[in-house]
Amino acid sequence: MVTDELVLDVQGLTVDIATPRGTLHVVRDISIRVKRGETLCIVGESGCGKSITSLSMMGLLPKTATRHSRVFEFLGEDLAHASKQRINDLRGNRMAMIFQEPMTALNPAYTIGDQLTEHYRHHRKATAEDARLRAVELLEKVGIASAAERLGQYPHQLSGGLRQRVMIAMALMCGPELLIADEPSTALDVTIQAQILRLLADLQAELGIAMVLITHDLGVVARIADRVAVMYAGQIVEEGTAEDIFAAPQHPYTRGLISCIPIPGKTIPGGRLGTIPGVVPSLIGDMKGCAFKDRCEHAQARCSETIPLHQTPPGQQWRCVMNELNQTGAGQ
Amino acid sequence: MTALIETRDLQRTFSVSVGMFKPRQTLHAVNGVDLSVQRKDVLGIVGESGCGKSTLARMLLGLTPPSRGSVLIDGQDISKIDRRDLARRVQPIFQDPYSSLNPRRTIASIVSFPLDVVGVGTKSERRKKAIEMLERVGLPARYADNTPGQLSGGQRQRVAIARALVINPEIVICDEPTSALDVSVQAQILNLLLDLRKEFNLTYVFISHNLAVVEHIATQVAVMYLGRVVEQTQTAELFKHPRHPYTQALLASVLTPEPGLGIPDMGLGLSFPDPLHPPTGCSFHPRCQQRRPECSVDHPHLLRDAQGEVACHLYPARS
Amino acid sequence: MKKNMALYVGCGLLLFIVFCAIFAPWLSPHDPYVQDLTNRTVPPIWYEAGTWAHPLGTDQLGRDYLSRLLFGARISLLIGLSVALISGLIGTTMGMLAGYFGGRIDMFVSFMVTTRLSMPVILVALATVALVGGSLWVVIMVLGLLKWDRFAVVMRSATQQVRAMEYVSAAQSAGASTLRIMLTEVLPNVLPHLIVIATLEAASAILLEAALSFLGLGVQPPLPSWGLMISEAKAYMFFSFWLIAIPGSALALLIFSINLAGDGLHQFFTPGERA
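**Structural notes on the overall build of chain C**
- In terms of helices and strands, chain C carries eleven helices and zero strands.
- Counting from the amino terminus, chain C carries its helices and strands in the arrangement α-α-α-α-α-α-α-α-α-α-α.
- With the principal axes as the frame, chain C shows a C-alpha extent of 75 × 50 × 30 Å.
- Per-residue burial over chain C gives 44% buried out of 275 residues.
- Once local pairs closer than 6 in sequence are excluded, the contacts in chain C between residues at least 24 apart make up 71%.

In structure tokens, the structure reads:
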């Protein structure tokens, strides 16, 4: 159930990374707002900046990155200027993250039990016994049978799907209010993928947490998202509810992306799939106007200037010179 | 009509070490596979990890010899075909565009390599052919002297396709050719593969875990699970009337970009397919919603009928 | 690129030493073998008693030290190069075969490496030289036949990594013979590792020869091997300190430059530098 309470409020987030070839404008002025109980999916292809966005929200950016934001609040608390100590207190505790590769995200040298209880004991100052009980409780919640025995096992003794469940349990140990999942099911088999996503959706409904799910898979987005943000070249080019985005995509990139995907029963087998010609532009240097203009069939002179933001209630918005009637009219 | 490429009871086992002081265990990667592909067809092979599809691909290419059974091309066992003649008939396209091209070679030399090995024409003729093929797959001639490191994933995959086709093979074994690519690039590559199939009269064996892609490109589909083919039939038939419970679960897991449908619960449970410790009887039974007592005891026989093939106790084969 | 100072400085120094060695006959003021017993242990130019006739002084037999130093560079470089070549050839072949084919060949090569590692190089070299007699070529052969182990180990693992690449499978599918694949697909991609190990082994060989010569079991007098020069200067250590310091510093400089160049090459070949 999506409530009205805003858990994460990020506005005007910009991340630059210094490289030998120049400054990489990885994330350019994006805004993300997630309410309690809501699932926001950030979807985009490789290089769009979605992973860096999730890392910047958790304060896990590399040293070469600089971050600016107009607003960066977690449950009303300002994080943009918070001390490192405060961020450490929140991370793993009230804000948790799940990564893509369960094999590398879990430390092979420690047991599942050790890794599960570590954060809990640190943040909640709990005793070993309390932490152990909580770990068993959560392993059962994520659907792992014989949870007590599993605590003594090492990551390599578990399958990929089980490891991901353990990761989810780990993230939930301290009862976070925000969960960020970066491609949580991409490295898993198709049948396991569905199970993990279903688990995440069920847990979210039960615990009422806010979830930000990052993926490149539009199918996942359609099935699990309340709201969708489409990223391209560091910007959010379109945002709206899942129904709106798929029923009436407004931005040419979103339309192009949806037309690329074969749907059994809908696309004609052996027919031509839609494509997006060209390649992603370089993120170095001055980026004026729309980053998609070199690949867009509707590109025109206005696309090299500031791009207006269009909105249709109740909350679909996109950055394009064309409005919902596909006209490039005056004003917005 | 003789199939262009077929396998007969194809098997491949590996001896795997499971620990310092434990005896080696046998891994049945491919456990008795019968396939048959007619000329100009596209056989899609779908399955998840541990099903043996990559080992199967290597055996079809002649890279890994089978432990038992055989691969036949136009009725001829490929182990008896000279490797260069085999190269002229079957070529691969692999999954990872970053490891399928030699980083120290130029693009033109990568594409002309099959021609160099066989010794077709002069050096400049081979280069010319290579560049023609590059342009045909959508890569302009100016890339000919670049190295792979300067190309994107989609461009590299085009180079891999050009290399596979430059020698005019009849069969192309595609092992997850689009799985590592972005969605927009995947669409371009799939369109290209379909065009080239028409133009060069190619036959594909297309291996993938992505059912939507397989539905789009394949004429026939074989579903693999733990080394065996559990169902095989025409594509449209498989997607409309899947018979094997695993096929049904696979199809239900495909998350199409259609909002409002939610995520189905296929009731597969927590057990996962472990090729080192396959279950007794039907290897799918621990995860099967429709299992019966005989499923954990006997291995199901393959039923061949007008609809296709299926190996499941729900569809008992006669004799 | 301004980042890779190691490569520039190392290669620069090394080239300087190679230059000195190559042009030794023209750069040396005197013949390194000519003795002048009237001018024994003349100090170098920065001492009061030094003269420009012998900028680095003379040794205990009156031979010009600068000339001996320059000709000595030839010996050290020759040793480094030949040993690296011989041991590199042996070790790379073994390593690549083991890495490419695995199985029994791998087991055999691993056994050979383990056997070789159980032998202390210096002692075996000493024993061999004691039996056969010391000379420049004996030293080169002995070291070359002993120092291939690191090549084998590194090239084996590098080859294994390349073997798993799909472009090797593609080359096999194109019908290429194993030899062709090893030479055109595998070798160019393991070359960086080879070059780095070669520099390290060359440096180590030079030091070993100096040690052997110091013990009298390497190069024989009157050849101006730096190790031998240090050994001969032992007795004069407290009176004519430069007799030890000069070849010692030269040796240190050479080893330093080779290691620095090797380090720079390693940096150069590590992915992440290129586009």
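**Here's the deal with the overall build of chain B**
- Looking only at helices and strands, one finds nine helices and twelve strands in chain B.
- Taking 20 Å as the expected radius of gyration for a compact globule of 319 residues, we find that chain B reaches 21 Å, a close match to that expectation.
- Projected onto its principal axes, the C-alpha positions of chain B cover 65 × 50 × 50 Å.
- Contacts spanning at least 24 positions in sequence make up 65% of the contacts within chain B whose residues lie at least 6 apart.

**Considering the nonpolar core**
- Membership of the largest hydrophobic core comes to 267 residues, with the highest contact counts inside it found for A169 and V221 of chain A together with V111, V205, F206 and V223 of chain B.
- Setting aside residues up to four positions removed in sequence, V221 of chain A forms contacts with C41, V43, T215, V228 and A242 of chain A.

**Brief notes about the arrangement of the chains**
- The interface with the most contacts, out of two pairs of chains in contact, is the one formed by chains A and B.
- The two units chain A and chain C remain apart, with a minimum C-alpha distance of 10 Å.

**Some words on the interface of chain C and chain B**
- With 16 residues of chain C at the contact, the number on the chain B side is 23 residues.
- At the level of elements, α8 (166–173) and α9 (178–214) of chain C are the ones that each hand at least two residues to the side of chain C that touches chain B.
- Residues that form the side of chain C that touches chain B fall into these classes: eight nonpolar, five polar and three charged.

**Here's the deal with the sheet that holds strand β7 (residues 95–98) of chain A**
All names here are of chain A.
- The sheet built from eight strands is open, its strands ordered β7-β8-β9-β3-β10-β11-β13-β12 with mixed pairing. A single partner strand is all that each edge strand has here, and the edge strands are β7 and β12 (309–312). The mean angle between the axes of side-by-side strands here comes to 15 degrees, regardless of whether they run parallel or antiparallel.
- With six bridges connecting them, strand β10 (residues 227–232) and strand β11 (residues 235–241) associate as antiparallel partners. Within the sheet, the bridge partner assigned to A229 lies in β11 and is E239.
- Contacts from helix α7 (residues 160–172) reach β7 and β8 (178–182) within the one sheet, and its direction differs from that of β7 by about 170 degrees.

**Examining the sheet that holds strand β5 (residues 76–77) of chain B**
Residues and elements named next belong to chain B.
- Judged by pairing direction, the sheet is antiparallel, and its four strands sit side by side in the order β2-β1-β4-β5 without closing on themselves. Both edges of this open sheet fall to β2 (25–37) and β5, since each of them pairs with a single strand only.
- Relative to strand β4 (residues 68–73), strand β1 (residues 5–16) is paired through five bridges, and the arrangement is antiparallel. Following the sheet pairing, I5 is matched in β4 by I73.
- Its contacts with the sheet put helix α1 (residues 53–60) on β1, β2 and β4, and the angle it makes with β2 is roughly 60 degrees.

**Observations concerning the interface of chain B and chain A**
- Listed by partner, the interface residues are 38 residues for chain B and 43 residues for chain A.
- Secondary-structure elements contributing two or more residues to the side of chain B that touches chain A are α6 (183–200), α7 (211–217), α8 (235–240) and α9 (245–253) of chain B.
- A per-element tally of the side of chain B that touches chain A places α6 of chain B first, with seven residues.
- In terms of residue class, the side of chain B that touches chain A is built from 21 nonpolar, twelve polar and five charged.

**Thoughts on the environment of N88 of chain A**
- Positionally, N88 of chain A belongs in helix α2 (residues 84–90).
- Along the chain, N88 of chain A and H123 of chain A lie 35 residues apart, while their C-alpha atoms are 9.5 Å from each other.

**Thoughts on α7 of chain A**
Residues and elements named next belong to chain A.
- Over its 13 residues, α7 runs 19 Å from end to end, which matches the ideal 18 Å to within 8%, given 1.5 Å per residue.
- Most of α7 is tucked away: twelve of the 13 residues are buried.
- When we look at burial in α7, the residues that qualify are G161, L162, R163, Q164, R165, V166, M167, I168, A169, M170, A171 and L172.
- Residues of α7 that are buried in the fold lie against β7, α3 (102–105), α4 (112–124), α5 (128–141), β8 and α8 (190–207).

**Quick look at α8 of chain C**
- Within α8 of chain C, eight of the eight residues are buried, which leaves the element mostly enclosed by the surrounding structure.
- Turning to α8 of chain C, its buried residues number three or more, namely E166, Y167, V168, S169, A170, A171, Q172 and S173 of chain C.
- Contacts from the buried residues of α8 of chain C go to α2 (83–89), β6 (90–93), α3 (107–118) and α5 (153–165) of chain B together with α7 (149–163) and α9 of chain C.
- G175 of chain C, located one to two residues past α8 of chain C, shows a positive phi value of around 90 degrees.

**A word on the environment of L61 of chain A**
- Along the chain, the position of L61 of chain A falls in the loop between α1 (50–58) and β4 (65–68).
- It is 23 Å that separates the C-alpha atoms of L61 of chain A and Q164 of chain A, two residues lying 103 residues apart in sequence.

**Focus on the pairing of β1 of chain B**
- Summarising the sheet, β1 of chain B and β2 of chain B pair through ten bridges and their orientation is antiparallel. Residue V16 of chain B lies in a different strand from β2 of chain B, and its bridge partner there is Q25 of chain B.

**Quick notes on unusual backbone geometry**
- Note the cis peptide between P221 of chain C and P222 of chain C, where omega equals 10 degrees.
- Relative to the helices and strands, P222 of chain C is located in the loop between α9 and α10 (226–233).
- Even without being glycine, K125 of chain A reaches a positive phi, approximately 50 degrees.
- Tracing the backbone shows K125 of chain A in the loop between α4 and α5.
- We classify K125 of chain A as exposed; it has 8 C-beta atoms within 10 Å.
- Despite not being glycine, D9 of chain B has its phi angle at roughly 45 degrees, a positive value.
- Of note, D9 of chain B is situated in strand β1.

**Some points on the confidence of the model for chain C**
Residues and elements named next belong to chain C.
- The predicted model of chain C has a mean per-residue pLDDT of 89, with 97% of residues at 70 or higher.
- The element-level mean pLDDT for chain C is lowest in helix α5 (residues 121–132), coming to 86, with α7 highest at 95.
- Across the whole predicted complex the pTM is 0.87, and at the interface the ipTM reaches 0.88.

**A word on the packing of α10 of chain C against helix α11 (residues 242–269) of chain C**
Residue and element names in this part refer to chain C.
- The contact between α10 and α11 brings their axes to 8 Å, and the two run at 155 degrees. One finds that α10 runs roughly antiparallel with respect to α11. In terms of crossing hand, the pair formed by α10 and α11 is left-handed. Across the interface between the two elements, W226, M229, I230 and A233 from α10 touch L243, I244, P247, G248, A250 and L251 from α11.
- Residues that form the contact of α10 with α11 fall into these classes: nine nonpolar, one polar and no charged.

Rules used throughout
- For every chain, the first residue of its written sequence is number 1, and the numbers climb from 1 along that sequence.
- Key to labels: chains lettered from A, ligands numbered from 1, both in the order written.
- Predicted model: local features are reported for residues with pLDDT of at least 70 only, side-chain atom pairs are reported and counted for 80 or more only, and whole-chain, interface and lining totals are derived from all residues.
- Counting from the N terminus, the helices are the DSSP runs of H or I reaching at least four residues and the strands are the DSSP runs of E reaching at least two.
- Exposed residues have 12 or fewer other C-beta atoms within 10 Å of their own C-beta, buried residues have 20 or more, and partly exposed residues fall in between, where C-beta atoms are placed from the backbone.
- By the convention adopted here, residues make contact when the C-beta atoms placed from their backbones lie within 7 Å.
- Two things to know: the radius of gyration comes from C-alpha atoms, and the globule rule equals 2.2 Å times the number of residues to the power 0.38.
- Buried Ala, Val, Leu, Ile, Met, Phe, Trp, Tyr and Cys residues whose C-beta atoms connect them within 7 Å together make up a nonpolar core.
- Note on residue categories: nonpolar means Ala, Val, Leu, Ile, Met, Phe, Trp, Tyr, Cys or Pro, charged means Asp, Glu, Lys or Arg, and polar means any other residue, Gly included.
- In this scheme, strands are said to pair when DSSP sees at least two bridges between them.
- Here an angle of 0 to 180 degrees is reported between the N-to-C directions of two axes, which are lines fitted to C-alpha atoms, with helices fitted over the stretch in contact.
- What a helix should span is 1.5 Å times the count of its residues minus one.
- Confidence scores here are pLDDT values: one per residue, from the predictor, ranging 0 to 100.
- Comment on the angle field: the value is read as roughly parallel under 35 degrees, roughly antiparallel over 145, roughly perpendicular from 65 to 115, and oblique elsewhere.
- It is the rotation of the near helix from the far one that decides the hand of a crossing: anticlockwise by less than a right angle makes it left-handed, clockwise makes it right-handed.

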